[in-house]
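# Observations on chain architecture
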Number of protein chains: 2
Amino acid sequence: MAIKKQNVFIGVDLGATNIKFGLVLPDGNILLERKSETEIHRGVNYVFDKVADFTHTLADYAGENYELKGFGIGVPGLIDTRKKELVEASNFPDWRDIKIGYELEKRLNLEIYIDNDANLAALGEYAFGAGRGVTEMLMVTLGSGVGSGLILNGSIYHGSKGAAGEFGHIIIQQNGPLCSCGSRGCVEAFVGKNAILRRMKEILQQDTESILKNHNPTNMTPEDIYFAAEKGDKPAIRLFKEVGESLGVGLGNIANLLNLERIVIGGGIANAGDLILNHARKVLSENALKTNRESIEIVKAELGERAGIVGAAKLAMMSLN
Amino acid sequence: MAIKKQNVFIGVDLGATNIKFGLVLPDGNILLERKSETEIHRGVNYVFDKVADFTHTLADYAGENYELKGFGIGVPGLIDTRKKELVEASNFPDWRDIKIGYELEKRLNLEIYIDNDANLAALGEYAFGAGRGVTEMLMVTLGSGVGSGLILNGSIYHGSKGAAGEFGHIIIQQNGPLCSCGSRGCVEAFVGKNAILRRMKEILQQDTESILKNHNPTNMTPEDIYFAAEKGDKPAIRLFKEVGESLGVGLGNIANLLNLERIVIGGGIANAGDLILNHARKVLSENALKTNRESIEIVKAELGERAGIVGAAKLAMMSLN
């Protein structure tokens, strides 16, 4: 008697530095994962060959015990999900109009599904992490940049050309500090890594009490500030309060516009956790209208770096329905 | 031989001051319209009786030549569209948890459809006005307050509890001017009627050249400022420039977050047209990211006060599909 094999899916998170691969079960658990440097300088074909090689390895591993049912991949940049093409990518300036679907399907002989990496991290948390049980959700990834993905009515919201979800570039302070995008006063200009480090230096110039005072400012990281804050360092605590408050203004705007149920915060800086998020919650509850603030909660992401691969696998799972 | 009668729909726009009724054809043309004072002080039952009376009159008019296929109504406030109930209404403080669906269906003996009035104005423009041909749209109504309704993926976007679309209360200036909602620096605190009049008075105190200088400030209206600007009055022109720029910051935020195709601007203050909108367009194009700004256009509403009734009728039309 033939035993029905359990389904399995491959999820890939193609980043500027690393490519992450996972063999993902329908419940979001990862059977096997692999990671490799992207080596983007070696060119598009090299990267696609590498993705194909790892995919074959994972498919072989799945072997007799599982049935490989789908393949999803997240890519940083503007994606035409219907054509399965990368339109442009801010991190890979040379990659424009790349037919990712065609290139990978040719190599893999299976249908692939593709979306923006921030969208798939949001989908991963929505399906298997901190977004479970809601249908209206924003995931924000706090890092060098501020990435985000929107889940509306239980699906990724792309907007008209796939460019929705730029939470980091909504302006909360007209004529505020300069942002990497060229505008002033964007959320990213207050809560992105560079903004945090710049502001810490400013605070240290005024406040000589900080334990970070003698830290070399050129190699300071948000983690250093986090450890200082954990030890009770007032300037570091004050910085995270400011970051949380700015984040709260931005998230309050989203709450008022979209009446979401949950905001999931991930990324390295989110490790500061409630040192930032409690201030964001307070400001959101002060600024959002009654129904909008009562509907929403701000929580930490649960899947960490794996959100992208399980989200990519989920994208493939959804294609089966 | 029986001739198939043309379908017709009743759309009702229940406002704090007036109730507007329309007998609307499937193409959005209005066969007949009526308007009556709401007389909200007479109580809920009086208002529902009036809606029923006018509806019967319109239905009688439709008479032999048309077939009445549906009834839709827009109400200002938070609506539970599934239960067809008004949860609360900022303009009618006494109206809470009103079973509008039950009350009207009892009186009319037909199924009714209900939504928030700003959402239905957006749906009206989307289906029959300035929003035709797109699927991702925001309608903003500039008046005493700043109302808005979102069309995403071709449908009204409600959010988790029906409170989505509060564009007027997204903050563009932390610690900016006080808004009616209690927060500071909301879009409404820059572009709402009261904000415009307050700012004009400030400008007039500094600038003695304006033709509005001798206008009684207590009864000045946005129209007075508009007429002055039309005559080339520099302080009035400067005011609309400021209003347009603040509007542009807010709309740029929406463009970055939602990658919309069109923003439709209606309401009394929108009569100032390009005196405001050209500045909004310029600021949006300076602040929104490339794909987001290239996807979007800002246009004037086309349906004026009728957007609400044709939107309400459209809601009923959609129930037939």
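Above this text sits the structure in question.
I will try to describe carefully the structure that is included in this document. The structure displayed is predicted, hence computed values, not measured ones. (Residues numbered from 1 in each chain as written. Chains lettered and ligands numbered in written order. Predicted model: local features only at pLDDT ≥ 70, side-chain atom pairs only at ≥ 80, totals over all residues.)

Let us look at the packing of helix α7 (residues 234-258) of chain A against helix α8 (residues 274-287) of chain A. Residues and elements named next belong to chain A. Running from N to C, α7 and α8 cross one another at 40°; their axes reach a closest spacing of 6 Å. Comparing their axes, α8 and α7 come out oblique. Where α7 crosses over α8, the two elements pack in a sense that is right-handed. Between α7 and α8, the contacting residues are I237, F240, K241, V243, G244, E245, L247, G248, V249, L251, G252 and A255 on the first element and L275, I276, L277, N278, H279, A280, R281, K282, V283, L284 and N287 on the second. Residue composition of the contact of α7 with α8, by class: 13 nonpolar, 6 polar and 4 charged. (Axes fitted to C-alpha atoms, helices over the stretch in contact; angles between N-to-C directions. Helix = DSSP H or I, 4+ residues; strand = E, 2+ residues; numbered from the N terminus. Parallel < 35°, antiparallel > 145°, perpendicular 65-115°, else oblique. Left-handed = near helix turned anticlockwise from the far one by under 90°. Contact = placed C-beta atoms within 7 Å. Nonpolar A, V, L, I, M, F, W, Y, C, P; charged D, E, K, R; others polar.)

With that settled, the discussion passes to the sheet that holds strand β3 (residues 30-37) of chain B. Sheet strands line up and pair through hydrogen bonds in the backbone, either parallel or antiparallel. Residue and element names in this part refer to chain B. Overall, mixed pairing links the 5 strands, which are arranged β3-β2-β1-β4-β8 in an open sheet. The strands lining the two open edges of the sheet, one partner per strand, are β3 and β8 (112-116). Taken pair by pair, the neighbouring strands of this sheet meet at an average axis angle of 20°, ignoring direction. Pairing of strand β1 (residues 6-14) with strand β4 (residues 66-75), which is carried by 8 bridges, proceeds in the parallel orientation. Opposite D13, over in β4, you have G74 as the bridge partner. Each of β4 and β8 touches helix α2 (residues 100-108); the most contacted strand, β8, lies at about 145° to it. Across the face of the sheet, helix α3 (residues 117-128) comes into contact with β1, β4 and β8 while running at roughly 100° to β8. (Pairing = 2+ DSSP bridges.)

This part takes up the interface of chain A and chain B. Contacts between the two partners involve 34 residues from chain A and, on the opposite side, 34 residues from chain B. Elements with a minimum of two residues in the side of chain A that touches chain B: α7 and α9 (290-295) of chain A. Element by element, the count of residues in the side of chain A that touches chain B is highest for α7(A), at 6 residues. In terms of residue class, the side of chain A that touches chain B is made up of 15 nonpolar, 15 polar and 4 charged.

It is worth spelling out the relation of the copies chain A and chain B at this point. Once turned by 180° and shifted 0.0 Å along the axis, chain A lies on chain B with an RMSD of 0.0 Å. Accordingly, the operation relating the two chain copies is best matched by a two-fold axis. Comparing contact sets, 100% of the residues at the interface of chain A also lie at the interface in chain B, consistent with an isologous, same-surface contact. (Least-squares fit on C-alpha atoms with pLDDT ≥ 70 in both.)

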